[in-house]
Amino acid sequence: ALAERGHRVMVVVPRYCNYPEAYDTGVRVSYEVFGKAHEVGYFHAFVDGVDFVFIDHPCFHDVAHSIHSGDRMSQNFRFSLLSKAALEAVWHVAPGGYPYEDLNTVFIANGWQTALVPFYLNALYRDQGKMLGARSILVLHNLAFQGRGPFGEVLSLDIPKQYLEHFHLDDLFGGPCMNTLKAGLLEAHRWVAVSNGYAEEIQTQKGGMGLAPTLQSQTWKMNGVVNGIDYDAWSPDRDAYLEEADAYTTYGFTREGILEGKAQCKAALQQELGLPAGPHVPLLAFVGQLDTNKGVDMIFEAAGWLMEQDIQLVLLGCGDSDFEDRMRSLEEHHGHK
């Protein structure tokens, strides 16, 4: 959406795999992480008006099968390296021959995994007279995940002494700890929650999961966005994925179109997933993160009763390993449903 409005937009992500669209820019830069210099490569792809930049390093390849895997220290290493490389991508990568540079540049970080971006921007760059024209926004998706760990871990993250207290949190949820998200919140110029309701919820004692006082202390930074979808991309009367997929179909918003089109798409989904064809069988679906605050635990609590009913259930998501195992168990014992 920003690119369509004329902005230059760069998305920076780890290069977990060999993505065919991305080419090697030949740019190599070393960053100090855990007290040593580590060289990364920058790969680039231009898709739908957006520059995609992939940070290449063996630590990302090692977790390609499960990007959230690894112990605390390996995660700290990956996210610290990613954050530093992302900040300097505006200097080193020159799509079309023109680097983004750092004047009137906004860095948007998502969740605790990239909360070091706003922190490093201020502590390692702006404090040194660099990137003074840049600002940062931290997007809050799920406050259950904050990057908590033993406070001693902070010493490996290249943190200036005057900022150490930014990472300290002592609360009823987890006791004294290092908290990466807290540091990112304090240094980000603005926060964006994924809905207006969530922006209010996380500033309460229960919803803030220990960070409510931090959020309340700088509440002027908070904005919520209205959840929505791109009708040009996802409307069933023009959805390119429905047009291209076998057995599916696009359909209009007439009574006949909805009844016939949805029925055909439902039958195609049943066929694709190996479920028995059944036009009158309710097909229930959940798509999202497998975490208790998404309500997925209620699905599993009711699973026994659900499987006794004349319904079909489709679950798509990843997250808590226990929920993933329970999802696989449901499929193993009730594959026909």
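Presented here is an overview of the structure given in this document. Please read all numbers here as calculations on a predicted model, not as lab measurements.

## Some remarks on the environment of Thr 180
Alright, step 1. Positionally, Thr 180 belongs in helix H4 (residues 180–187).
Alright, step 2. Thr 180 gets classed as buried once you look at its relative accessible area, which sits at 4%.
Alright, step 3. When the C-alpha positions of Thr 180 and Gln 113 are compared, they lie 8.2 Å apart, and in sequence the two are 67 residues distant.
Alright, step 4. Once residues within four sequence positions are removed from consideration, Thr 180 is found in contact with Trp 112, Ala 115, Leu 116, Gln 146, Gly 147 and Phe 167.

## Side note on unusual backbone geometry
Leave glycine aside and you will find that most residues have negative phi; peptide bonds, for their part, are mostly trans.
Alright, step 1. For Glu 101, which is not glycine, the phi dihedral falls at a positive 65°.
Alright, step 2. Looking at where Glu 101 falls in the secondary structure, it is placed in the loop between helix H2 (72–92) and strand E5 (105–110).
Alright, step 3. The residue Ala 247 is not glycine, and still its phi comes out positive at about 75°.
Alright, step 4. Following the sequence through the fold, Ala 247 ends up in the loop between helix H8 (240–244) and helix H9 (255–273).
Alright, step 5. Using a relative accessible area of 42% as the deciding quantity, one classes Ala 247 as partly exposed.

## What about the sheet that holds strand E11 (residues 222–224)?
Alright, step 1. Spatial strand order, E5-E6-E10-E11: four strands in an open sheet with parallel pairing. With partners counted over all chains shown, the strands left at the sheet margins are E5 and E11, one partner each. On average, each strand axis in the sheet is inclined to that of its neighbour by 25°, with strand direction left out of account.
Alright, step 2. Note: strand E6 (residues 134–140) against strand E10 (residues 190–193), four bridges, orientation parallel. Residue pairing for E10: Ile 137 is matched across the bridge by Arg 190.

## Description of empty space enclosed by the protein
Alright, step 1. Tallied over the entire structure, the rule returns one cavity of 30 Å³ or more.
Alright, step 2. Volume-wise, the largest cavity comes out at about 40 Å³.
Alright, step 3. Along the walls of the largest cavity sit Asn 76, Phe 79, Trp 112, Gln 113, Leu 116, Leu 157 and Thr 180, which together make up its complete lining.
Alright, step 4. Broken down by class, the residue content of the lining of the largest cavity amounts to four nonpolar, three polar and no charged.

## A look at the packing of aromatic side chains
Alright, step 1. For the coordinates displayed, the defined rule picks out 10 aromatic pairs.
Alright, step 2. A centroid spacing of 6.1 Å and a plane angle of 85° characterise the contact between Tyr 16 and Phe 60, whose relative ring orientation is edge-to-face. With a gap of 44 residues between them, Tyr 16 in the loop between strand E1 (10–14) and strand E2 (23–33) and Phe 60 in helix H1 (residues 58–61) connect regions that are remote in the sequence. There is no split in this pair, since Tyr 16 and Phe 60 are both buried.
Alright, step 3. An aromatic cluster is defined as three or more aromatic residues linked by ring pairs; in this entry it consists of Phe 119, Tyr 120, Tyr 163 and Phe 167.

Scoring rules and cut-offs
Residues numbered from 1 in each chain as written. Predicted model: local features only at pLDDT ≥ 70, side-chain atom pairs only at ≥ 80, totals over all residues. Heavy atoms only, no water. Helix = DSSP H or I, 4+ residues; strand = E, 2+ residues; numbered from the N terminus. Buried < 20%, exposed > 50% of the residue type's maximum accessible area, 1.4 Å probe, protein only. Contact = heavy atoms within 4.5 Å. Pairing = 2+ DSSP bridges. Axes fitted to C-alpha atoms, helices over the stretch in contact; angles between N-to-C directions. 1 Å grid on protein atoms, 1.4 Å probe; cavity = no way out; pocket = protein on both sides within 12 Å on 5 of 7 lines; lining within 4 Å. Points joined across faces, edges and corners; volume = space filled by probe spheres on them. Nonpolar A, V, L, I, M, F, W, Y, C, P; charged D, E, K, R; others polar. Phe/Tyr/Trp six-rings, centres within 6.5 Å; stacked < 30°, edge-to-face > 60°.

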